[in-house]
Amino acid sequence: NAKEWTPELDAALRERLRDRRVSAVGEIGLDYHYDLSPRETQREVFRAQIRLAKEAGLPIALHLREAHDEALAIMREGFAILEEEGFPEAGTLLHCFNLDTIEVARWVEAGCYIAFGGPVTFKKADEVREAAALVPTDRLLTETDSPYMTPEPVRGTDCGPAHTVYTAERLC
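Below: a short report on this structure.

Calculation notes
- Chains are numbered independently. Their residues run from 1 in the order of the written sequence.
- Residues qualify for local features only when their pLDDT is at least 70, as the model is predicted, and side-chain atom pairs are given and counted only at 80 or more; totals for whole chains, interfaces and linings, by contrast, use all residues.
- In computing side-chain values, all of the structure's heavy atoms are included and hydrogens and water are not.
- Take the buried Ala, Val, Leu, Ile, Met, Phe, Trp, Tyr and Cys residues and link them wherever side-chain atoms come within 4.5 Å; each set so joined is a nonpolar core.
- Burial classification: accessible surface area is computed with a 1.4 Å probe over protein chains only, and a residue below 20% of its type maximum counts as buried, one above 50% as exposed, and the rest as partly exposed.
- Numbering of helices and strands runs from the N terminus; a helix is a DSSP stretch of H or I covering at least four residues, while a strand is a stretch of E covering at least two.
- Here, two residues are considered to be in contact whenever any of their heavy atoms come within 4.5 Å of each other.
- Classification of ring pairs rests on two measures: the distance between centres of Phe, Tyr or Trp rings, Trp counted by its six-membered ring, which must be within 6.5 Å, and the angle between planes, read as stacked under 30 degrees, edge-to-face over 60 and tilted in between.
- Throughout this description, the term charge over a ring refers to an Arg CZ or Lys NZ atom that lies within 6 Å of the ring centre and within 35 degrees of the ring normal.
- Between any two strands, pairing holds if DSSP finds at least two bridges.
- Arc, as used here, means the arc of the directions from the helix axis to the C-beta atoms.
- Here a polar contact means two N or O atoms within 3.5 Å. Within protein one must be a hydrogen donor candidate and the other an acceptor candidate, and residues neighboring in sequence count only if both atoms are side-chain atoms.
- In what follows, salt bridge is the name for a side-chain nitrogen of Lys or Arg lying within 4 Å of a carboxyl oxygen of Asp or Glu.
- Lines are fitted to the C-alpha atoms to define the axes, a helix being fitted only along its stretch in contact, and any angle between axes, read from their N-to-C directions, falls within 0 to 180 degrees.

### Thoughts on the nonpolar core
In this structure, Leu-30, Phe-46, Ile-60, Leu-62, Trp-107, Ile-114 and Phe-116 are the most contacted members of the largest nonpolar core, which totals 34 residues. Going through the elements one at a time, β1 (25–31), α2 (39–56), β2 (60–65), α3 (68–81), α4 (101–109), β4 (113–116) and α5 (126–133) are the ones with two or more residues in this core. Setting aside its immediate chain neighbours within four residues, Ile-114 contacts Leu-93, Leu-94, Phe-97, Val-104, Trp-107, Val-108, Val-135, Arg-139, Leu-140 and Leu-141.

Structure representation (structure tokens):
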């Protein structure tokens, strides 16, 4: 929904980020699967949200779909050209990872936390389980993408927080 980003929304988010209960900025990122907003707009808003998180001293939670290459390039840009983008010192969480070992290695190398949801339990997701095995345990997380991607053995129902036990069991 990046096309809905306005100066008023930016200001409202800045105000909310001052609340001590806020622990991260997210989900932010790029979604090239649905393309609900033009890609250039998505990239501009993503950059703006990274800068907001850094200004607030907060970590970010990334939502990436069919856009991992471009997102990583934007995140690395900050180091190359010393702009405001780049990985926040407070940390970066890659939400709902469901790709392979090559992809996870790039994000682990960058120091990110990697969260796995239901897909790590899917019968035909060996590559996701292989990727999980490469994540250092101090950066490995389980999560739900409620109500989506319900783990085995309860696929076909709405996913909820209680289902993370299945994901954690599979990760172990």
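### Points about the packing of aromatic side chains
To describe a pair of aromatic rings, you give the distance between the ring centres and the angle between the ring planes. Throughout the structure, instances matching the rule amount to one aromatic pair. Taken together, a centroid distance of 5.7 Å and an interplanar angle of 70° make the contact between Phe-97 and Phe-116 edge-to-face. Placement of the pair is Phe-97 in the loop between β3 (92–94) and α4 and Phe-116 in strand β4, with a sequence separation of 19 residues. Judged by relative accessible area, Phe-97 falls into the buried class, the value being 1%. When the ring centre of Tyr-32 is taken as reference, the NZ or CZ atom of Arg-39 above it lies at 4.1 Å. The ring of Phe-122 carries the charged tip of Arg-155 above its face, separated from the ring centre by 3.7 Å.

### Examining the pairing of β2
Two strands pair when backbone bridges link them, and β1 and β2 are joined in this way by six bridges, in the parallel orientation. Pairing of Val-25 across the sheet is with Ile-60, part of β2. Alignment of β2 against β3, held across three bridges, turns out to be parallel. Bridging from a neighbouring strand, Leu-62 pairs with Leu-94 of β3.

### As for α4
Listed in full, the buried residues belonging to α4 are Glu-103, Val-104, Trp-107 and Val-108. The buried residues of α4 occupy one face: seen down the axis, they fall within an arc of 130°. Those residues of α4 that are exposed and angled more than 90 degrees off the buried face are Ile-102 and Glu-109. Where α4 begins, the side chain of Asp-100 points an oxygen toward the backbone nitrogen of Ile-102, at a separation of 3.3 Å. After α4 finishes, the residue Gly-111 shows a positive phi value of roughly 90°.

### A look at the pattern of salt bridges
Should the charged atoms of two oppositely charged side chains come close, the side chains can pair. Throughout the structure, instances matching the rule amount to ten salt bridges. The partner of Arg-14 in a salt bridge is Asp-10, with the nearest N and O atoms 2.6 Å apart. A residue pair is termed a helical-turn pair when its members lie 3 or 4 positions apart in one helix, as Arg-14 and Asp-10 do in helix α1 (residues 7–17) at four residues. Residue classification places Arg-14 among the partly exposed residues on the basis of a relative accessible area of 32%. Notably, a salt bridge pairs Glu-55 with Arg-14, separated by 2.5 Å at the nearest N-O pair. Here Glu-55 is found in helix α2, whereas its partner Arg-14 is found in helix α1, with 41 residues between them in sequence.

### Section: the environment of Val-120
Along the chain, the position of Val-120 falls in the loop between β4 and α5. The class of Val-120 is buried, set by a relative accessible area of 1%. Spatially, the C-alpha atom of Val-120 lies 10 Å from that of Glu-169, the residues being 49 residues apart in sequence.

### Here's the deal with the sheet that holds β3
Hydrogen bonding along the main chain pairs the strands of a sheet, whether they run parallel or antiparallel. With parallel pairing, the five strands of this open sheet are ordered in space as β1-β2-β3-β4-β5. At either margin of the open sheet sits one strand with a lone partner, and together these are β1 and β5 (140–142). The sheet shows a mean angle of 30° between the axes of neighbouring strands, taken without regard to direction. One ladder, built from three bridges, connects β4 with β5; its direction is parallel. Within the sheet, the bridge partner assigned to Ile-114 lies in β5 and is Leu-140. Against the sheet, α4 contacts β2, β3 and β4, and its axis sits at roughly 140° relative to β4.

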